[in-house]
Amino acid sequence: MKISKKDALIWFRFFAQLPEGEELMVRQQEIVYATFAQIEAAIDARNEQLQKEIPNLKCLAGRTYYVGDDDKFPRGCRSCLTGTGLSAIRKTNTCNIACKFCYYYGDLDCIPPIGEGMWEIGGTKFYEKDIDLLLKIQKHPTGISYVYLEPFMEIEKYYPVIRKFHEAGIHQHMYTNGTLCTEENLKALGEAGLDELRFNLGGVNCADKVIENMRLAKKYIKYVGIETPMTPEYFEQFFQKKEAILSTGIDFMNCAELHLNPNNIGNYEGENIYIARHGYVSPIWSRELTLKFMKIAAEEQWDVVVHDCSNFTKFARSIHQRSQEDGWFGASTYTCEFPVVPYGAFLPILEDENFAFLEEEELPKGYKPGELFF
Ligand code: SF4
């Protein structure tokens, strides 16, 4: 059903007014999905066009796109996408800043603690001393990553754990907003064996201090890069400081497609959004900016890899991950983070006169307002 934008808008205005928790009828669900498909088809067509404009665009195993020197493609991402390394380690439950795109926005002061002296690895709680047992019993992943909030809030706790995984030959990467890095702690991390450090440069508005910390990190840690959601603010700030950032010697930049959840969606009210394969909900400008970024990087031959960490990449990663865990055929962890579709959040794109569906048809009989009975 190639629903027209006008009909989709009429229906979505109606859905947005329904009392919370009211279930849609089957044909109404079909209308919702037809609308999502129409929006997604238009976005895909635009992105395909943008990709065609990127010189020497590369693809890793059909799963993700990038430009630049293959050798600088982030090892942590390669491990996630083609190895056995999406293993997440959680420890720190606090952060010293509050990024508007943070998945924990609004909840940053009430994130559950992992527990005194404990580490959460693959969903299980371990004391540091238990890690030897884990390494003896289970097959080692190709990589692990330290996720959750800001590890530098208590970075000294990480050194012995990193050392253990390093001795086991497992690639390790960590995320930071970079504000609490010092020469001393970066050196200690490098000595412990951290392989890769990723800076959330967008979270700090490309602060000069963090740019200098990236330069410092490169002295002690083998692979250093940026990983930040792609937003218009970041795009603008990056280009104001492009020379300084590129001169730090970083290896890669992961341009994450910003996705929204119930915590951060309020910060993006009024933006044009779409939903990718009934899973991640994102502002349509995020991936568009990534592809524009990649075009510039390729044309100017930057000495860094620029990686399009899109919703498609997350989808591919999730299928791959489940295949490594002996999941059934088709199993994945890719899902929508909203318990109920936020219908009202799709009104801006449906109301936008500059956004068009590719093809439109009249609604079939039985799908027009007033005609639905089941
Ligand atoms: S630095 Fe990371 S954890 Fe902290 S607020 Fe920003 S996105 Fe969230």
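It should be noted that the structure appears before, not after, this text.
Residues numbered from 1 in each chain as written. Predicted model: local features only at pLDDT ≥ 70, side-chain atom pairs only at ≥ 80, totals over all residues.

Asker: Can you help me understand the site of the ligand in this one?
Answerer: The environment of the ligand is made up of Cys95, Ile97, Ala98, Cys99, Cys102, Tyr104, Leu149, Glu150, Asn177, Asn200 and Gly203. For the shell around the ligand, a count of residues per class yields seven nonpolar, three polar and one charged. (Near = placed C-beta within 6 Å. Nonpolar A, V, L, I, M, F, W, Y, C, P; charged D, E, K, R; others polar.)

Asker: Any chance you could explain unusual backbone geometry here in plain terms?
Answerer: Phi is mostly negative for residues that are not glycine, and the peptide bonds are mostly trans. At Ala61, a position not held by glycine, the phi torsion is positive, near 50°. In this structure, Ala61 sits in the loop between strand E1 (58-60) and strand E2 (64-67). Looking at Ala61, the number of C-beta atoms within 10 Å reads 10, which means it is exposed. Its identity as a non-glycine residue notwithstanding, Gln301 has a phi of 50°, on the positive side. Inspection of the secondary structure assignment puts Gln301 in the loop between helix H10 (284-300) and strand E13 (305-309). (Helix = DSSP H or I, 4+ residues; strand = E, 2+ residues; numbered from the N terminus. Buried ≥ 20, exposed ≤ 12 C-beta atoms within 10 Å, placed from the backbone.)

Asker: What's the story with the pairing of E13 in this structure? I'm lost.
Answerer: In terms of burial, E13 is a largely internal element, five of the five residues being buried. Burial along E13 is two-sided: the residues Val305, His307 and Cys309 and Val306 and Asp308 are all buried. As judged from the three bridges shared by E2 and E13, these two strands associate in the antiparallel manner. Each bridged residue has a counterpart across the sheet, and for Val67 the counterpart in E13 is Val306. Sheet topology note: the strand E10 (residues 252-256)/E13 ladder contains five bridges and is parallel. Paired with Cys255 across the bridge in E13 is Asp308. (Pairing = 2+ DSSP bridges.)

Asker: Where do I start with the environment of Glu156 in this structure?
Answerer: Within the element layout of this structure, Glu156 appears in the loop between strand E6 (143-147) and helix H5 (158-167). Residue Glu156 is classed as exposed on the basis of its 11 C-beta neighbours within 10 Å. Considering only alpha carbons, one finds Glu156 and Leu189, 33 residues apart in sequence, at a separation of 8.7 Å.

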